[in-house]
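Listed here are the chains, written in short residue letters.
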Amino acid sequence: MPKAVKGVVKGNVIVPEEPFALPEGAEVMINLPPNLCLLKHAGVWRDLEDLDTLVAEIYANRTVKEEPVS
């Protein structure tokens, strides 16, 4: 019978919440929640040069500046 194992992703590695041992080479299946449908796009900009500059420009140009309340 299949066992469900919960975990979190850290650095592109799934870390289980509870420790357990699997034999080397064991085959596992990961069922992703439907709300992670954009996961296939993660990492598309990974090797883009000046990514930090691009992201800073996007935030600077697309955030709403609040007016001070008088």
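Structural data are supplied above this passage.
This is a predicted model, so every value here is computed, not measured. (Residues numbered from 1 in each chain as written. Predicted model: local features only at pLDDT ≥ 70, side-chain atom pairs only at ≥ 80, totals over all residues. Heavy atoms only, no water.)

1. So, the overall build of the protein chain
Then, in step 1: Counting its regular elements, the protein chain contains one helix and two strands.
Then, in step 2: Going from the N terminus to the C terminus, the protein chain shows its helices and strands as β-β-α.
Then, in step 3: Entry remark: accessible area of the protein chain is about 7,600 Å², with carbon and sulfur atoms responsible for 58%. (Helix = DSSP H or I, 4+ residues; strand = E, 2+ residues; numbered from the N terminus. Areas by Shrake-Rupley, 256 points an atom, 1.4 Å probe, with all protein chains shown as cover.)

2. Re the pairing of strand E2 (residues 13-16)
Then, in step 1: The pairing of strand E1 (residues 7-10) with E2 spans four bridges and is classified as antiparallel. Note that in E2 the partner of Val9 across the bridge is Ile14. (Pairing = 2+ DSSP bridges.)

3. Here's the deal with a nonpolar patch on the surface
Then, in step 1: A surface patch of nonpolar side chains, amounting to about 760 Å² of accessible area, comprises Val5, Val9, Ile14, Phe20, Leu22, Val28, Ile30 and Leu32.
Then, in step 2: Relative to the helices and strands, Leu22 is located in the loop between E2 and helix H1 (51-62). (Patch = residues over 30% accessible without salt bridge, like charges linked within 9 Å, V, L, I, M, F, W, Y side chains within 5 Å. Salt bridge = Lys/Arg side-chain N within 4 Å of Asp/Glu carboxyl O.)

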